[in-house]
Amino acid sequence: MLSTDVSSAQERYSIGKAVSSDASQTPLILLSDGKAHIEAAIAPSKGGELSGLKIRHSGQWIETLYLARDYSPRKSWTGKAPFLFPATGRNFPPDLEARRKAGETFNDGAYLLNGKRYPMPIHGFVRDLPWKVTKTQSLAEGAVAKLTLSDTPATRKWYPFGFVIDVDYTLADGALSIAYRIQADKENRSPMPFSVGNHITFVCPLIPGSDPEEMELVTPSKTELLKTSYGLPTGQSRPRSHAEGITLGRFERLKAVSLTGYAAKPSILLRDPQGLAIRMSHTASQTPQQPVILYNIWGDAKGGFFSPEPWVGLQNSLVLGKGLVRLKPGRDFTWTIRIEFEHKTGT
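Let me sum up the structure you'll find in this document. (Residues numbered from 1 in each chain as written. Predicted model: local features only at pLDDT ≥ 70, side-chain atom pairs only at ≥ 80, totals over all residues. Heavy atoms only, no water.)

**Topic: the overall build of the protein chain**
In step 1: Counting its secondary structure elements, the protein chain contains 2 helices and 27 strands.
In step 2: At 20 Å, the protein chain has a C-alpha radius of gyration in line with the 20 Å of a compact globule built from 347 residues.
In step 3: Projected onto its principal axes, the C-alpha positions of the protein chain cover 60 × 50 × 40 Å.
In step 4: The burial tally for the protein chain puts 52% of its 347 residues in the buried class.
In step 5: Contacts in the protein chain between residues far apart in sequence, at least 24 positions, make up 65% of those at least 6 positions apart.
In step 6: In the structure as shown, the protein chain presents an accessible area of about 15,600 Å², 48% of it carried by carbon and sulfur atoms.
In step 7: Charge-centre separation for the protein chain: the mean point of 42 positive side chains lies 5 Å from the mean point of 33 negative side chains. (Helix = DSSP H or I, 4+ residues; strand = E, 2+ residues; numbered from the N terminus. Rg over C-alpha atoms; globule rule 2.2 N^0.38 Å. Buried < 20%, exposed > 50% of the residue type's maximum accessible area, 1.4 Å probe, protein only. Contact = heavy atoms within 4.5 Å. Areas by Shrake-Rupley, 256 points an atom, 1.4 Å probe, with all protein chains shown as cover. Lys, Arg positive; Asp, Glu negative; His and termini not counted. Charge placed at Lys NZ, Arg CZ, Asp CG, Glu CD.)

**So, the side chain of N91**
In step 1: For N91, the location among the structural elements is in the loop between β7 (83-84) and α1 (96-101).
In step 2: Here L318 takes part through its backbone nitrogen, which lies 2.8 Å from a polar atom of the side chain of N91.
In step 3: Residues within four places of N91 in sequence aside, it is in contact with G109, A110, M120, N316, S317, L318 and V319. (Polar contact = N/O pair within 3.5 Å; in protein donor to acceptor, adjacent residues only side chain to side chain.)

**Quick notes on the side chain of T201**
In step 1: Summarising the element assignment, T201 is placed in the loop between β15 (196-198) and β16 (202-203).
In step 2: At a separation of 2.8 Å, a polar atom in the side chain of T201 contacts the side chain of S307.
In step 3: Residues contacting T201, with those up to four places away along its chain left out, are T64, L65, Y66, W77, G79, K80, F305, F306 and S307.

**Here we look at the pairing of strand β5 (residues 49-57)**
In step 1: Summarising burial for β5: 7 of the 9 residues are buried, a large majority.
In step 2: Bridging between strand β4 (residues 38-43) and β5 involves 6 bridges; their strand directions are antiparallel. Within β5, the residue paired with A40 across the bridge is L53.
In step 3: As paired elements, β5 and strand β6 (residues 60-63) share 4 bridges and run antiparallel to each other. What sits directly across from K54, in β6, is E63.
In step 4: What sits between the antiparallel neighbours β5 and β6 is a turn of 2 residues, in which S58 has the positive phi angle 50°. (Pairing = 2+ DSSP bridges.)

**Some thoughts on the packing of aromatic side chains**
In step 1: Applying the stated rule across the entire model yields 19 aromatic pairs.
In step 2: Plain terms: the ring middles of Y66 and F305 are 5.0 Å apart, the flat faces sit at 35° to each other, and that makes the pair tilted. In this pair, Y66 is assigned in the loop between β6 and β7 and F305 in strand β25 (residues 305-313), connecting sequence segments 239 residues apart. An identical accessibility class is assigned to Y66 and F305; each is buried.
In step 3: Where Y262 meets Y295, the ring centres are 5.8 Å apart and the plane angle is 65°; that geometry is what we call edge-to-face. Here Y295 lies in strand β24 (residues 293-300) and Y262 lies in the loop between β21 (257-260) and β22 (267-271), a separation of 33 residues in the sequence.
In step 4: For Y262, a relative accessible area of 11% puts it in the buried group.
In step 5: Cation over ring: K80 sits above Y71, and NZ or CZ is 4.6 Å from the ring centre.
In step 6: Looking at R90, its charged tip hangs above the ring of Y230, at a distance of 5.4 Å from the centre. (Phe/Tyr/Trp six-rings, centres within 6.5 Å; stacked < 30°, edge-to-face > 60°. Lys NZ or Arg CZ within 6 Å of the ring centre and 35° of its normal.)

Worth remembering: the numbers are spatial, not functional.
This is the structure in structure tokens:
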């Protein structure tokens, strides 16, 4: 049941409704923080994803998500912030290159479980499913939207486990929190393996008129996990840190850079030269042993987008058996992403 509480007494936070900017008129939930001047849009029918994230900076409203509130059909990257489960990246056999040379075609991924082959689309399947809104609420402490997704006979053709995923979007004190809770059905016969991620994609530049290649990324990783040209882990790594920052013009273009080895909470800072910055961090109730990617960074700053994707996972994880959370029947896993804004000039 959908319940809504919008009190006129709660002047700072509010809940609203809108539709996407394209012809589909996709319904959106709006969370607003009137004091911090932030508005988040959520699209329940489109994978329950964050569909827009606006901030008022120097007197202007800035949309920070790439292709925000736009669900026009397109062959290229669709942007926004899809949730990735139960796979991050592709899942293909270890002898992929040899099999491709022999003429095999791999349009979709797959993996083996208990001797049975299951298909698995890149980044999993939940990003393409409609989620149910269970609650929206505006209180003195913040604006909240709660959504949920459960397994179905259709999902079990990809992934033979019972599960429930809840997500709470909370806009409070000038920050957006996206809190996922994954529950493994107590009737599952074995631990439920999965990787999780969010393919959040920001516009470049953040502020119109800035040089996108002069935007700066700061992230205190220690290690990069290396991959083949097809994007599968090689098992090798090398030292890599951007704790001192790197401009996006010097960062790899359209090549995923898989970072790990954070001493504290995994975090990134994306800074526009005109003074607006986005800080994102994430925390999980459990993290697999290495190799595990904590940010999979990909994008094309000059092309207008940049994706510092928070992950708890690994490409090809369901095939390799690595980079996986293994959730026992009846247990749950929590993962929270926090997004904050920083201003060098007044709003």
